[in-house]
Amino acid sequence: MRKLYKKRILVPVIALAFLIVGSSYKSDFFEIAKQIEIFTTLFKELNMNYVDETNPAKLMDTAIKHMLDDLDPYTKFLNEQDVEDYKISNAGEYSGIGALVRSYKDRLLIVEPYEGYPADLAGLKAGDEIIQIGDIKVSEFDDNASELLKGANESEIEIQFKRQGKTQTTKIKRAGVEVDAVPFYDMVDDKTGYIVLSRFNRKASSQTQAAIIDLKGKGATQLILDLRGNPGGLLSEAINVTNLFVPKGELIVTTKSKVKKFNQEYKTKNKPLDTEIPLVVLINGRSASASEIVSGGLQDLDRAVVVGARSFGKGLVQRPLKLTYGTQLKVTISRYYTPSGRCIQSLDYWNRDENGKAVRNTQFNEFKTRNGRTVEDGGGVLPDVQIAALNSNTLVDALDAGNVIFDFATDYYYKNPLGSIADFNFTAKDYAAFKTFATQADFSFKTKTEVILEQRIAEENKLLGKEVQEKYKELLGTINTSKFKALDTYEAVIKKKITEELIPRYFYRKGLYNYNLEHDEAIQTATVLLSDTNKYKNILNN
């Protein structure tokens, strides 16, 4: 048995050696060789002498992933299954149950069943907790149990789930699932076309182009491109989408790296679809990466007015590098820069605070758009027109992280049947019920004042007198009991979040898009702006 372990050890160690050497371009070779030898010796002795049987592959997987934790969160080791997931994400097609599923340590949660797909046809709803898939209990499955939901077309699985405290069972026949880059487009009014671009997979530019052509055929003379919540995807598709609105040969992105071959300029290569049509791009704090390349590029070239809230701020480029045995290293190879020369990366992962968290950039440099407008780097794309209701904050982030809004929406859905989207009305009484729900929920958040006070106490604990320390703690207690008043301060932001969570439960995602055409503040603002030619042009020229 020990000889078998020796053989199994060699492969991952060799793979690790290549990984470390390949990613340490300018490091001292002797130091690299020394550290690899130390690790190899440790790994061998651990597996041969540990009191219980070990799993070398799992130990190595953990070791590699923890090593990469010291870098940015986008540099990741991909095992064979991760590689397949990565391919699916970019292709926009897979076979499974057709639902957005959130994986936890010991449970799976249905976040959204896709209309007309197997999960929906089987009656699964948002908020259903999957506890068993076939013969496998989710709580006893070590890896990501959501992978068990994927499989060959027409294959059948039995799922046991919990809904509102009751356990139910259903059978689902898997099917091919197509993930559209453009899940919705329509006319806002007789001259304003609206397009939702939700991801940058391989369908992004072709589906966006098809939507524009169709909308123009319906009379659209001005466009709104909605990138809110779009996490990004393929760099090539970001260039191609931008190319729909700007001429061939325009510089859209420059990448800069310590490896010379990764220093590149990306220019548009195709004949544009329309370089004149008035355009507004919507973004928010969850618009990242490729979304920021498009919105930042169109802003820098003064081709579109950007409306919404500051974007996420991901200015780093990753590339998958093949390793052995079907594994890959998705590694950050460069930073990208928009046409004006700015990098919009907001977090500095190479400088961290005392808690090990990346430091947020607070010093911004100014750059100029083609028309001479001032834009800044270092903190995402700042919209030309800001919408307060789209701004996030520590309270809203905590409500999201704690699933408070999600759980409230699940509870609300079963207690409040709704026949028509026209009947939807989230009242003041409903919001009061949410506040009660939130104050009883198991979640926590810290205000900026709390963070500063806690740091002050920690830093000067020995210097402060006992009486002063008590005063600080008393002040913290007062803040803690009163901070839920922020539920009133941010009512508009939170109500929007609740609405976005509720409507798809009744009328699917398409129902929310249709509802937003009439009720969404950002869409209304964009429509009014596009209709005011002078104001639109003034923004782009001042």
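Residues numbered from 1 in each chain as written. Predicted model: local features only at pLDDT ≥ 70, side-chain atom pairs only at ≥ 80, totals over all residues. Heavy atoms only, no water.

**Topic: the overall build of the protein**
The number of helices and strands found in the protein is 17 helices and 23 strands. Looking at the 542 residues of the protein, the share that counts as buried comes to 45%. Intrachain contacts of the protein at a sequence separation of at least 6 include 68% that bridge at least 24 residues. By element, 50% of the accessible surface of the protein is carried by carbon and sulfur atoms, the whole surface being about 28400 Å². (Helix = DSSP H or I, 4+ residues; strand = E, 2+ residues; numbered from the N terminus. Buried < 20%, exposed > 50% of the residue type's maximum accessible area, 1.4 Å probe, protein only. Contact = heavy atoms within 4.5 Å. Areas by Shrake-Rupley, 256 points an atom, 1.4 Å probe, with all protein chains shown as cover.)

**Points about the packing of aromatic side chains**
What the rule picks out here adds up to 15 aromatic pairs. Between Tyr413 and Tyr414, the aromatic rings sit 4.9 Å apart at their centres with planes inclined by 80°, giving edge-to-face as the arrangement. Take Tyr413: its relative accessible area is 17%, and that puts it in the buried class. One aromatic cluster is present, built from ring pairs that chain together Phe408, Tyr412, Phe426, Tyr431, Phe434 and Phe437. (Phe/Tyr/Trp six-rings, centres within 6.5 Å; stacked < 30°, edge-to-face > 60°.)

**Considerations on the pattern of salt bridges**
Applying the stated rule across the entire model yields 20 salt bridges. Lys65 is paired through a salt bridge with Asp61; the nearest N and O atoms lie 3.1 Å apart. Residue Lys65 and its partner Asp61 are located together in helix α3 (residues 56-68), separated by 4 residues, close to a single helical turn. Between Glu491 and Lys495 there is a salt bridge, and its shortest N-O distance comes to 3.8 Å. (Salt bridge = Lys/Arg side-chain N within 4 Å of Asp/Glu carboxyl O.)

**Details of the nonpolar core**
Ranked by size, the top nonpolar core spans 69 residues in total, and within it Leu197, Phe200, Leu225, Leu279 and Leu282 carry the most contacts. For Leu282, the residues in contact, after removing those within four places along its chain, are Tyr194, Ile224, Leu225, Asp226, Leu227, Arg228, Val307, Ala522, Ile523 and Ala526. In this structure, Tyr412, Val493, Ile503 and Tyr515 belong to the second largest nonpolar core, which totals 27 residues. (Core = buried A, V, L, I, M, F, W, Y, C linked by side-chain atoms within 4.5 Å.)

**Regarding a nonpolar patch on the surface**
Residues Leu42, Leu46, Tyr50, Val51 and Leu59 make up a contiguous nonpolar surface patch of roughly 470 Å² in combined accessible area. Tracing the chain through its elements places Leu59 in helix α3. Exposure remark for Leu59: the relative accessible area of 32% places this residue in the partly exposed category. (Patch = residues over 30% accessible without salt bridge, like charges linked within 9 Å, V, L, I, M, F, W, Y side chains within 5 Å.)

**What to know about the side chain of Asn284**
Residue position: Asn284 is located in the loop between β15 (279-283) and α8 (290-300). On the accessibility criterion, Asn284 (9% relative accessible area) is buried. A polar side-chain atom of Asn284 sits 3.0 Å from the main-chain amide nitrogen of Arg286. Once you skip the residues sitting within four places of it in the chain, Asn284 turns out to touch Arg228, Gly229, Ala309, Arg310, Ser311 and Phe312. (Polar contact = N/O pair within 3.5 Å; in protein donor to acceptor, adjacent residues only side chain to side chain.)

**A look at the sheet that holds strand β10 (residues 184-187)**
Across the sheet, which stays open at both edges, the 6 strands sit in the order β10-β11-β12-β15-β16-β23 with mixed pairing between neighbours. The open sheet is flanked by β10 and β23 (385-386), the only strands paired with a single partner. In terms of strand pairing, strand β11 (residues 192-196) meets strand β12 (residues 222-226) through 5 bridges, oriented parallel. The residue of β12 that forms the bridge with Tyr194 is Ile224. Contacts from helix α6 (residues 204-217) reach β10, β11 and β12 within the one sheet, and its direction differs from that of β11 by about 160°. (Pairing = 2+ DSSP bridges. Axes fitted to C-alpha atoms, helices over the stretch in contact; angles between N-to-C directions.)

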